[in-house]
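# Tertiary structure, described
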Amino acid sequence: MTDGEQSLEVRRVSATPEALSVEWQSGAVSEFSSLWLRDNLREHRDPHSGQRLIDVTELPADPRIRTARSADGVVLIEWQGETRTGRFDLGWLAAQAAGIAAQRPELERRLWLAGSELSAERDFAWATFRAARSDGHARLAWLTRLLQDGIAFLSGVPREERAILGAMSLVGRVAETNYGLVFDVRSVPQPANLANSDLGLGLHTDNPYREPVPGFQALHALVTSPDGGDSLFADGCALAEHLRATAPQAFACLSTIAPLALPARAMPAFYAAYRRFAALLLDPRFQLRMKLAADDLVVFDNQRTLHGRTAFTSARHPRHLQGCYLTRDSVYSGTGLLRRELAAAHR
Ligand SMILES: [Fe+2]
């Protein structure tokens, strides 16, 4: 039995023409629509790939259940005016009833608003590179927390140029940009990008102008500064929810309006909302502040977790991080596949 499945014992199976009702031994009741069941007949899917063999237009518009009964771990359904009998495994029905979150806990987002009250070491996932590489269960636990919290850390990543690529092969697929597969974050004279200066950087996400926007970002600390250069993070989704609760008009404005298309008379309201959200990003209460040690690596959801840093003085203490981006789908699907592989190995 996988996580979240109901007990496969049933107390009662009943049906109306529109829906099947299963009362589990636990007392919980699950309802399944007749139309949805008719679509999900086993013979409508390829047994190997699971891909659909019928087009939705081939389904009857209003299939009505005539009888439903359970026998030997299977629910048998007959529809009015049809000779076929639909067979549905109770285990499969239970898994559908439990929902996707029960099967994939990594999809359950855990928002964190008051970052200043949190400790990166205590409140977020850490794994050693060695454990993440050699222990699938440790890697799955770490990936799950990465997706739930929007940020997670590795330690003990070899202090070598491009070692980030080896580490990220455990996490997802690296997306190349015009900066290359790997980019350097260190100070240079007259930088084209402020990331390559000593300046502090306010909370931001990277490259929002790309299509697709980089899903995840990783930063590997090769040389750290003992004086400044602290990393800052905030949960953008938690901040957006905070804005929705405290300034619903500002939230509505920012979540519905494309500013460049605005007429001049609507611009002041947009800027008021924009300013209100930006003030949240400046508020230290909402910032998780920490210092990456050399060999540490942080991975974060670049469309959720904002990042920034405090200023430093590279002439006295040089600082060097290497970074890369990961595609969003590869991190999610890699986590789901690993969960499935580990479950299959235990059967
Ligand atoms: Fe950045």
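## Here's the deal with the side chain of D149
- Mapped onto the elements, D149 comes out in helix 6 (residues 136-149).
- Within polar-contact distance, the side chain of D149 engages the side chain of R110 at 3.3 Å.
- Setting aside residues up to four positions removed in sequence, D149 forms contacts with R110, W112, D123, F124, R304 and T305.

## A short note on the layout of surface pockets
- Here the second largest pocket is characterised by a volume of approximately 450 Å³.
- Along the wall of the second largest pocket there are 26 residues; nearest its centre are V185, A195, H204, D206 and H307.

## A closer look at the pattern of salt bridges
- Counted according to the given criterion, the structure contains 26 salt bridges.
- Linking R45 and D39 is a salt bridge whose minimum nitrogen-to-oxygen distance equals 3.5 Å. The pair R45 / D39 is uniform in exposure class, with both members buried.
- Notably, a salt bridge pairs R110 with D149, separated by 3.3 Å at the nearest N-O pair. In this pair, R110 sits in the loop between helix 3 (100-103) and helix 4 (120-123) while D149 sits in helix 6, placing the two residues 39 residues apart along the sequence.
- Accessibility expressed as a relative area gives 40% for R110, which makes it partly exposed.
- Owing to a relative accessible area of 4%, D149 belongs among the buried residues under this scheme.
- Connected through shared salt-bridge partners, R38, E43, E82 and R84 make up one network.

## Structural notes on the packing of aromatic side chains
- The full count for this structure, using the stated rule, is 13 aromatic pairs.
- Summarising the aromatic geometry, the rings of Y179 and F183 are spaced 6.5 Å apart at their centres and angled 65° between planes, so their arrangement reads as edge-to-face.
- Classification of Y179 by relative accessible area gives partly exposed; the value is 38%.
- Where F270 meets Y271, the ring centres are 5.7 Å apart and the plane angle is 90°; that geometry is what we call edge-to-face.
- In textbook terms, an aromatic cluster arises when at least three aromatic residues are bridged by ring pairs, as seen for F32, W36, F88 and W92.
- One cation-aromatic arrangement involves R38 over W79; the distance from NZ or CZ to the ring centre is 5.9 Å.

## Topic: the coordination of the iron ion
- Only H204 (NE2), D206 (OD) and H307 (NE2) from the protein coordinate the iron ion, and they sit 2.2 Å from it.
- The partly exposed category is assigned to H204, whose relative accessible area is 25%.
- Accessibility expressed as a relative area gives 7% for H307, which makes it buried.

## Topic: the domain arrangement of the chain
- You can read the domains of the chain as domain 1 (10-103) and domain 2 (107-346).
- In this structure, domain 1 and domain 2 have C-alpha centres spaced 42 Å apart.

## A look at unusual backbone geometry
- Look at the link from E211 to P212: it is a cis peptide, with omega at 0°.
- Of note, Q190 is a non-glycine position whose phi angle comes to about 45°, a positive value.
- In this fold, Q190 is placed in the loop between strand 10 (183-185) and strand 11 (201-204).
- By relative accessible area, which is 79% here, Q190 ends up exposed.
- One non-glycine residue with positive phi stands out, namely D295, at about 85°.
- Among the structural elements, D295 can be located in the loop between strand 14 (288-290) and strand 15 (297-301).
- What makes D295 buried here is its relative accessible area of 19%.

## Looking at the environment of S26
- Residue placement: S26 occurs in the loop between strand 2 (19-24) and strand 3 (29-33).
- We classify S26 as exposed; its relative accessible area is 53%.
- Taking the C-alpha atoms as reference points, S26 and R11, 15 residues apart in sequence, are found 8.6 Å from one another.
- A polar contact is formed between the side chain of S26 and the backbone nitrogen of A28, at a distance of 3.3 Å.

## Topic: the side chain of S119
- When you line up the elements, S119 lands in the loop between helix 3 and helix 4.
- Residues within four places of S119 in sequence aside, it is in contact with F124 and L288.

## Some details on helix 8 (residues 236-246)
- Among the residues of helix 8, those classed as buried are G236, C237, A238, L239 and L243.
- Tucked inside the fold, the buried residues of helix 8 contact strand 13 (231-235), helix 9 (248-256), helix 10 (267-282) and strand 16 (305-309).
- Between a side-chain oxygen at the N-terminus of helix 8 and the backbone nitrogen of C237 the separation is 3.0 Å; the capping residue is D235.

## Examining the packing of helix 8 against helix 9
- Running from N to C, helix 8 and helix 9 cross one another at 130°; their axes reach a closest spacing of 5 Å. By the angle between their directions, the pair helix 8 and helix 9 is classed as oblique. Across the interface between the two elements, A240, L243, R244, A245 and T246 from helix 8 touch P248, A250, F251 and L254 from helix 9.
- Grouping the constituent residues of the contact of helix 8 with helix 9 by class yields 7 nonpolar, 1 polar and 1 charged.

Definitions and cut-offs
Residues numbered from 1 in each chain as written. Predicted model: local features only at pLDDT ≥ 70, side-chain atom pairs only at ≥ 80, totals over all residues. Heavy atoms only, no water. Helix = DSSP H or I, 4+ residues; strand = E, 2+ residues; numbered from the N terminus. Polar contact = N/O pair within 3.5 Å; in protein donor to acceptor, adjacent residues only side chain to side chain. Contact = heavy atoms within 4.5 Å. 1 Å grid on protein atoms, 1.4 Å probe; cavity = no way out; pocket = protein on both sides within 12 Å on 5 of 7 lines; lining within 4 Å. Points joined across faces, edges and corners; volume = space filled by probe spheres on them. Salt bridge = Lys/Arg side-chain N within 4 Å of Asp/Glu carboxyl O. Buried < 20%, exposed > 50% of the residue type's maximum accessible area, 1.4 Å probe, protein only. Phe/Tyr/Trp six-rings, centres within 6.5 Å; stacked < 30°, edge-to-face > 60°. Lys NZ or Arg CZ within 6 Å of the ring centre and 35° of its normal. Donors = N, O, S within 2.8 Å, 3.2 Å for Na, K, Ca; no water. Domains from an automatic or database assignment. Axes fitted to C-alpha atoms, helices over the stretch in contact; angles between N-to-C directions. Parallel < 35°, antiparallel > 145°, perpendicular 65-115°, else oblique. Nonpolar A, V, L, I, M, F, W, Y, C, P; charged D, E, K, R; others polar.

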